[in-house]
Amino acid sequence: PLHWEAQERSGTPFTPAVPAWYALDEAMDELLEETVVGRIRRYRDAAHFLRQGFSRMGLECFVPENLRSNTLTSLILPPGMSYIHLHDRLKERGFVIYAGQGKLETSVFRVANMGHLQKEDFGRFLVQLENTISNQK
């Protein structure tokens, strides 16, 4: 109700987070420049590039191909490897992965491909992921 009443007076119930509005404005400018279609294509191409690399390493995607997102890939952890070990080794090398959620937190890890990441970044990530997995065996 506070937000509604303030909106009716063309205001806000408290001082908004001004930097967040500037960030949103910049993000919208970037999206308008790239276009929605271009952003979707870039994320789709990045996901495809990563998934080819995952496949070459023998990693298995958790979600069936026809249901996969263009922005996030869920992978089954290799046998004998914990999420914590994989996460920490990759973080030491400058990369962040995410744990599965709920019942999947110990069996799945997730890789996002959003933002300003480029193909070279994904290539370096794949090299480090493969090195980490190979050194575990």
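Please refer to the structure higher up on the page.
Calculation criteria
Residues numbered from 1 in each chain as written. Predicted model: local features only at pLDDT ≥ 70, side-chain atom pairs only at ≥ 80, totals over all residues. Heavy atoms only, no water. Axes fitted to C-alpha atoms, helices over the stretch in contact; angles between N-to-C directions. Helix = DSSP H or I, 4+ residues; strand = E, 2+ residues; numbered from the N terminus. Parallel < 35°, antiparallel > 145°, perpendicular 65-115°, else oblique. Contact = heavy atoms within 4.5 Å. Nonpolar A, V, L, I, M, F, W, Y, C, P; charged D, E, K, R; others polar. Pairing = 2+ DSSP bridges. Buried < 20%, exposed > 50% of the residue type's maximum accessible area, 1.4 Å probe, protein only. Polar contact = N/O pair within 3.5 Å; in protein donor to acceptor, adjacent residues only side chain to side chain.

K.L.:
Just to check I follow, could you spell out the packing of helix 2 (residues 18–34) against helix 3 (residues 36–56) for this structure?
P.N.:
In a pair of packed helices, the angle between the axes and the distance between the axes together describe the arrangement. Where helix 2 meets helix 3, the axes come as close as 6 Å, and the angle between the chain directions of the two elements is 85 degrees. In terms of axis orientation, helix 2 runs roughly perpendicular to helix 3. Residues Glu30, Leu31 and Glu34 of helix 2 touch helix 3, and the partners they reach there are Val36, Gly38, Arg39 and Arg42. Residue classes in the contact of helix 2 with helix 3 are distributed as two nonpolar, one polar and four charged.

K.L.:
What should I look at first to understand the sheet that holds strand 3 (residues 108–112) in this one?
P.N.:
Either a parallel or an antiparallel arrangement is found when strands of a sheet pair, and the pairing is made through backbone hydrogen bonds. If you trace the three strands from one edge of the open sheet to the other, you get 1-3-2, paired in antiparallel fashion. With one partner strand each, in any of the chains shown, strand 1 (72–76) and strand 2 (98–99) form the two edges of the open sheet. Where strand 2 lies against strand 3, two bridges are found, and the strand directions are antiparallel. Residue Tyr98 lies in a different strand from strand 3, and its bridge partner there is Arg110.

K.L.:
Mind showing me how you'd approach the pairing of strand 3 here?
P.N.:
Within a regular beta strand, the side chains point alternately toward one face of the sheet and then the other, so they alternate between its two faces. Taken across its five residues, strand 3 has four buried, putting it largely inside the fold. Sheet topology note: the strand 1/strand 3 ladder contains five bridges and is antiparallel. In the strand pairing of strand 3, Thr73 is matched with Val111.

K.L.:
Would you mind going over the side chain of Arg39 with me for this structure?
P.N.:
Along the polypeptide, Arg39 turns up in helix 3. At 2.6 Å, the side chain of Arg39 forms a polar contact with the side chain of Glu34. Discounting residues that sit within four places of it in the chain, Arg39 has contacts with Glu30, Leu31 and Glu34.

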